[in-house]
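Chain residues, written in single-letter form:
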Amino acid sequence: QTVILIVLTAFVILFCLVIALSMNITARKRSDRKYREIFNASTDMIFIHDAKTGAILDVNQSILDMFGIDKKTALKSTIADFSANKPPFTIENVTAKIKAAVENGPRTFEWQGKKENGSLFWAEVTLIPSKIGNKDRVIAVTRDITERIKTQEMIIQSEKMISVGGLAAGMAHEINNPLAGIIQNS
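Within each chain, residues carry numbers counting from 1 in the order of the written sequence. In view of the model being predicted, local features appear only for residues whose pLDDT reaches at least 70, and side-chain atom pairs are presented and counted only at 80 or more, with totals across whole chains, interfaces and linings using the full set of residues. Excluding hydrogens and water, the side-chain figures rest on all heavy atoms present in the structure.

### A short note on the sheet that holds strand 3 (residues 107-114)
Threshold: Strands qualify as paired when DSSP identifies two bridges or more between them. Strands here mean DSSP runs of E at least two residues long; helices mean DSSP runs of H or I at least four residues long; both are numbered from the N terminus. Each axis is a line fitted through C-alpha atoms, and for a helix only the stretch in contact is used; angles between axes span 0 to 180 degrees, taken between their N-to-C directions.
Ordered in space as 2-1-5-4-3, the five strands form an open sheet in which the pairing is antiparallel. Since the sheet does not close on itself, it has two edges, and those belong to strand 2 (56-59) and strand 3, each with one partner. This sheet shows a mean twist of 30° between the axes of neighbouring strands, independent of strand direction. Here strand 1 (residues 45-50) pairs with strand 2 via three bridges, running antiparallel. Bridged to Phe47 within strand 2 is Val59.

Here's what the structure looks like:
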């Protein structure tokens, strides 16, 4: 009877452990699923990098849509594959920015990216140092700002044209004053 009681007690303890572990795994899966939903719902592109190497560890759906690639390809890529790769948009420059973010906190800057088809676009990148799973990571939140840059360039062009127009009007006025005097005297 004592042996049966010990075996039954051990079985109950083992059963409780299995239930507790499965509840913990279920809760972790739910938490991971919520994280994935939030991560992929963002319209901003999100890269997760290793803080030491800059390697791409994870990407959200917006990146896959923007660059027209699948997740497997994205995770095999380097930052250079997503950049214009001409100074100052080089792998060395972005690696330095990642290091600065890790050492000094979040950084925001403009960057020129390159899509899979080779076309270039402007992006605003915010690098945020983070600990994920007790490991140093950098989250790069990236937003396409090509339209904003084009609008700014159009405004600058318009302001230049307004200045040229004002200058031309001023010159015409300065020419007309002496000309009016000459015409009046003749």
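Having seen the structure, we can now continue with the description.
### Overview of helix 4 (residues 91-104)
The test is simple: The length a helix should cover is 1.5 Å for every residue beyond the first. Only protein chains enter the calculation, and the probe is 1.4 Å; a residue is then buried if its accessible area is under 20% of its type maximum, exposed if over 50%, and partly exposed in between. In this description, one arc is meant: the one made by directions from the helix axis to the C-beta atoms. Should any heavy atoms of two residues lie within 4.5 Å, those residues are counted as being in contact.
Between its first and last C-alpha, helix 4 extends 20 Å over 14 residues, near the 20 Å set by a 1.5 Å rise per residue. Residues of helix 4 that are buried: Val94, Ile98 and Ala101. Burial along helix 4 is one-sided: seen end-on, the buried residues are contained in an arc of 60°. More than 90 degrees from the buried face of helix 4, the exposed residues found are Glu92, Lys99, Glu103 and Asn104. Those residues of helix 4 that are buried lie in contact with strand 1, strand 3, strand 4 (120-132) and strand 5 (135-144). Once helix 4 finishes, Gly105 follows within two positions and takes phi at roughly 100°, a positive value.

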